[in-house]
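# A look at the structure
Take a look at the letters that make up each chain.
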Amino acid sequence: MSSIASLTITQIPAEAEALRAEVRAFLTEATAKIPAHIRAKSWSGFDPEFSKALGAKGWLGMTFPKEYGGGGRTAFERYVLVEEFLNFGAPVGSHWIAERQSGPLLLKYGTDEQKRTILPKIAQGELYCCIGMSEPNSGSDLASVKTRAEKNDQGWLLNGQKIWTTNAHHCHYMIALVRTSGTTEDRQKGLSQVLVDLSLPGITVRPIEDLAGDSHFCEVFFDNVQLSADALVGNEGQGWEQVNAELAFERSGPERIFSSVVLFDQWLAYIRTPAGKRPESTRLAGQILTRMAPLRAMSIAIQEKLARHESPIVEAALVKDQGTVLEQYIPAAIADDLLSRDEADVPFELMQTLTYVTHIAPCYTLRGGTRSILRGMIARGLGLR
Ligand SMILES: Cc1cc2nc3c(=O)[nH]c(=O)nc-3n(C[C@H](O)[C@H](O)[C@H](O)COP(=O)(O)OP(=O)(O)OC[C@H]3O[C@@H](n4cnc5c(N)ncnc54)[C@H](O)[C@@H]3O)c2cc1C
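Since the model is a prediction, treat every value here as computed from it, not as a measurement.

### Comments concerning helix 6 (residues 93-109)
In an α-helix, one turn spans 3.6 residues; hence positions three or four apart end up facing the same way. Taking 1.5 Å of rise per residue, 17 residues should cover 24 Å, and helix 6 covers 24 Å from first to last C-alpha, within 8% of that figure. By the largest-angle criterion, Ser102 marks the main kink of helix 6, which is about 35 degrees, and a proline, Pro104, follows within four residues. Taken across its 17 residues, helix 6 has 14 buried, putting it largely inside the fold.

### Re the UniProt feature "domain: Acyl-CoA oxidase/dehydrogenase middle" (unreviewed entry) in the protein
Here, the residues flagged by UniProt with the feature "domain: Acyl-CoA oxidase/dehydrogenase middle" (unreviewed entry) are residues 130-225. Counted over residues 130-225, helix gives 0% and strand 51%. Its end C-alpha atoms are 17 Å apart.

### Overview of the packing of aromatic side chains
Per the counting criterion, the structure on display carries 6 aromatic pairs. Taking 5.3 Å as the distance between ring centres and 90 degrees as the angle between the ring planes, the aromatic pair formed by Phe26 and Trp59 counts as edge-to-face. Of this pair, Phe26 sits in helix 2 (residues 20-30) while Trp59 sits in the loop between helix 4 (48-56) and helix 5 (75-88), placing them 33 residues apart in sequence. Judged by its relative accessible area of 22%, Phe26 is partly exposed. The class for Trp59 is buried, based on a relative accessible area of 4%. Every member of this aromatic cluster is reached through a ring pair, and the members are Phe26, Phe50 and Trp59. One residue, Lys57, lies across the ring of Trp59, its end atom 5.1 Å from the ring centre. It is Arg291 that lies over the ring of Tyr329; its NZ or CZ is 4.5 Å from the centre.

About the cut-offs
Residues numbered from 1 in each chain as written. Predicted model: local features only at pLDDT ≥ 70, side-chain atom pairs only at ≥ 80, totals over all residues. Heavy atoms only, no water. Helix = DSSP H or I, 4+ residues; strand = E, 2+ residues; numbered from the N terminus. Expected span 1.5 Å × (residues − 1). Bend = angle between axes of the 7 residues up to and from the residue. Buried < 20%, exposed > 50% of the residue type's maximum accessible area, 1.4 Å probe, protein only. UniProt positions renumbered as here; feature names shortened; annotations may be inferred. Phe/Tyr/Trp six-rings, centres within 6.5 Å; stacked < 30°, edge-to-face > 60°. Lys NZ or Arg CZ within 6 Å of the ring centre and 35° of its normal.

Following this line, the structure appears as structure tokens:
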């Protein structure tokens, strides 16, 4: 089968689209008082009360089975919601990773006990998870992780360090990729995933400040942390396969296309006004939209594969690579447009949003796997490596 055949275009079914109006009405009200430069943070924003409100509406864990507190609804229904959360710049950061990634991972590989204790709370917007993959000197080269969980009488003894862990200081659990046997020379072999209760003794979490002044990611240290025997997620030694399947959820979603969309919308609103209207700006808006539309179509096509329990790893890498290229182009192109105008004509709030997005945009091609690594994966998928 050719690689192009795997990117069949699909449509969001009508019953999922039907949700959009209700979600928009809710978000219009809920985000009305949040300034645009704060809404631009969206999935990095952190607001537990907002997460709980979404949980109460049944808008989190929609795809989890009802027996685990979920809605038993389709992946497309969830997709529509997520698109709207991002388009409105809703502060969804607190539940984001748990709902998008950790919940589906536990559903696929977790024990019944893990599913029963964790999933209902994720669906209520009350339990947050973080991803413990990266370590100093093992970011792109994940197979070289050194953090180790040694089997003992009580379960697993955890020692090591993770870095760049988004929201670790606010989270209840980390799903960590650790070495349970062998040495770093064994690479993918001997890696496992463990569920770490972050309130256990021996864990130190230190936030790291980013360029924009926010402290959303952290260093996490494990010093003789005693995990119980049932902390293992899935099978011992299968961590590499599990992590790769998990990354397809992380890489293909609308958040890899719409990180700059609050800025884009705000700028569009400005260039529709008599003060902002210019032919070259209209042309630029068209250029951005014609790049955004096919990426969105690809992301939706991948969603269908994920719903069929396939693991579209290469396709997800493609969407993330090209999606983040566009997400970085948007603030750069808008800066060119706005800085060539008379400063007094440009609304201050628009400039504030541009400043924030410009500061944060370099990380788009780092978080979730760097561009060079993704391009290597795509080349391999095409049989070129
Ligand atoms: C905002 C943000 C949030 C993050 N959140 C999390 C999180 O929650 N959990 C988590 O585990 N991690 C997280 N990360 C870490 C992120 O996934 C890593 O930063 C990323 O995978 C790269 O690893 P590194 O920083 O160690 O860079 P390195 O691996 O040291 O790479 C440095 C440079 O070398 C290039 N490079 C490395 N190896 C190769 C190769 N084989 N071929 C070609 N080029 C190569 C890379 O592409 C990159 O440009 C986050 C990062 C950011 C920026």
